[in-house]
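An overview of the molecular structure
Listed below are the residues making up each chain.
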Amino acid sequence: MVQREEVVQPVNWAAVGKSVARWLGANRKSFLLTMSLVSLALFALMTHFLRHYQSEGFLRATRPLTEFNAQRSSIEDKDNFLRYLRANKLSDTPNAAYVLQAIGPDLMLKRVKVVLPYSKEDLKLLADLKSPLESNILGFTISFPGASPDDAAARVKLVGDYLKDTMLRQDLLESIHLGAGDARAEKQKLNNKLIAKRVELDEATRKLNALKEIAAKYPEASKYEARQLLSSDTDGSRYLSPVMQLVGVESNIADIRNDLVSLERDAAQNDVRLKFYADAEKLNPSVKSGRELFEDFKTLRANTFKDTRLDDDRVREVVNKIDLLAETLQTKHLVNTRFVSGPSAPDHRAGPRIGSLLVLSLVLGGLFAGAAVAAMGWVRTHKGGRSVNGLAEPGVQL
């Protein structure tokens, strides 16, 4: 049995073109109206979502890279950002709502860039240096879009202020916990040293009393000076007269008592420091921003030492160290951390060109209009039993 080969006829594109042209001519009004409306809507949507004002700013924030890496998770935490918004009464602002969507792991990848001291070109030039390179960061480049120049600049400023506040908060909390932990550990060390010194004092006192009894029992022994004091160690002291041993023990007791006074001074000073930092740990940081926590820290310092005599060296030393910490934090986070450029107020939109969007809108609008008009013609044909106007040849049934 012979198989017939099916012959595939080539597409007559000329005829197709003529049919499409006749169909467009017959439906030009509905086609052009639909195309115009759809193209206009597409152009407006693409302009709104693809073209926007882009603001940028550089936040100077010099600090070790390891310190920033430790604080990064807090910066990318939405709950931390919401706490900052509530503290500054910004929760209901549109720009805050937009930035909230950007807070997360992608924040430091898309919107905030860490600026290092060396570029890739610098590292190539410095590759042969044997000395270790500086591991500090210079700051952050922040960029955000907006429907208006003011919105874009406001978002950059909001994120910059949030970074400052978060880094201040984390640095202060770490200083408080570190200060409290060191004071508690120091308290235990000083207590152990005091116990050891008191035991040493008791032993030296018992030895002194025993030597006094021996000297009183052998009064003539002090007249013999055949042996001279060459050393004060234990072996040498056996050859000294009781009176000479008394002098050595009393001198040792005086040293022990001086050490005890010094240790008691250190313990009293550490108690003052521990009380302050223990109270600082109760400032309830879970509901406060960095600035609020810092103000509470300074208020606690003023209230704790307002009735204390600062002419006491022990107290004044503790207060000076607390004041130094507060001044260091303020200088680092509130003075030196600042925008040195921007946030910029752009005067034109960024994104695809207007001409490209217009052409794309017309093409997509034309395709959509053609499909829509053809679909409406098909619906009318099947409802009325007529052929599609102009799309089929006369006398041909669909």
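Residues numbered from 1 in each chain as written. Predicted model: local features only at pLDDT ≥ 70, side-chain atom pairs only at ≥ 80, totals over all residues. Heavy atoms only, no water.

Describing the packing of aromatic side chains
Within the structure shown, the criterion is met by seven aromatic pairs. With centroids separated by 5.3 Å and ring planes inclined at 55°, the aromatic side chains of phenylalanine 68 and phenylalanine 140 adopt a geometry described as tilted. Here phenylalanine 68 is found in helix 3 (residues 65-75), whereas its partner phenylalanine 140 is found in strand 3 (residues 136-146), with 72 residues between them in sequence. You'll find phenylalanine 68 and phenylalanine 140 in the same group, each marked buried. Ring geometry for tyrosine 98 against phenylalanine 144: centres 6.4 Å apart, planes inclined by 75°, an arrangement best described as edge-to-face. Of this pair, tyrosine 98 sits in helix 5 (residues 94-102) while phenylalanine 144 sits in strand 3; the two residues are 46 residues apart in sequence, bridging distant segments of the chain. An aromatic cluster is defined as three or more aromatic residues linked by ring pairs; in this entry it consists of Phe276, Tyr277, Phe297 and Phe305. Between arginine 111 and the ring centre of phenylalanine 144, over which it is positioned, the NZ or CZ distance is 5.6 Å. The ring of tyrosine 98 has arginine 155 sitting right over it, with the charged end atom 3.8 Å from the ring centre. (Phe/Tyr/Trp six-rings, centres within 6.5 Å; stacked < 30°, edge-to-face > 60°. Helix = DSSP H or I, 4+ residues; strand = E, 2+ residues; numbered from the N terminus. Buried < 20%, exposed > 50% of the residue type's maximum accessible area, 1.4 Å probe, protein only. Lys NZ or Arg CZ within 6 Å of the ring centre and 35° of its normal.)

Considering the pattern of salt bridges
Here the idea is simple: oppositely charged side chains can pair when their charged atoms come close. Applying the stated criterion to the full structure yields 18 salt bridges. Among the salt bridges present, the one from arginine 184 reaches glutamate 281, with a minimum N-O distance of 2.9 Å. Of this pair, arginine 184 sits in helix 8 (residues 149-217) while glutamate 281 sits in the loop between helix 10 (242-280) and helix 11 (290-304), and the two are 97 residues apart along the sequence. On the basis of relative accessibility, which here comes to 38%, the residue arginine 184 falls in the partly exposed class. Assessed through its relative accessible area of 28%, glutamate 281 is described here as partly exposed. Aspartate 259 is the salt-bridge partner of lysine 197, the closest N and O atoms lying 3.0 Å from each other. Of this pair, lysine 197 sits in helix 8 while aspartate 259 sits in helix 10, placing them 62 residues apart in sequence. Note on aspartate 259: relative accessible area 33%, which makes it partly exposed. Several salt bridges share partner residues, and in doing so they unite Arg63, Glu67, Asp171 and Lys332 into one network. (Salt bridge = Lys/Arg side-chain N within 4 Å of Asp/Glu carboxyl O.)

Topic: unusual backbone geometry
Here the residue pair glycine 342 and proline 343 is connected by a cis peptide bond, since its omega of 0° sits within 30 degrees of zero. The residue proline 343 is located in the loop between strand 4 (338-341) and helix 13 (354-384) in this model. One non-glycine residue, lysine 89, lies in positive phi territory at about 55°. By relative accessible area, lysine 89 is classed as exposed at 74%.

A look at helix 3
Restricting attention to buried positions, one finds in helix 3 the residues Glu67, Phe68, Gln71, Ser74 and Ile75. Angular distribution of buried residues about the axis of helix 3 spans 95°; they occupy a single face of the element. Exposed residues lying more than 90 degrees from the buried face of helix 3 are Thr66, Ala70 and Ser73. (Arc of directions from axis to C-beta.)

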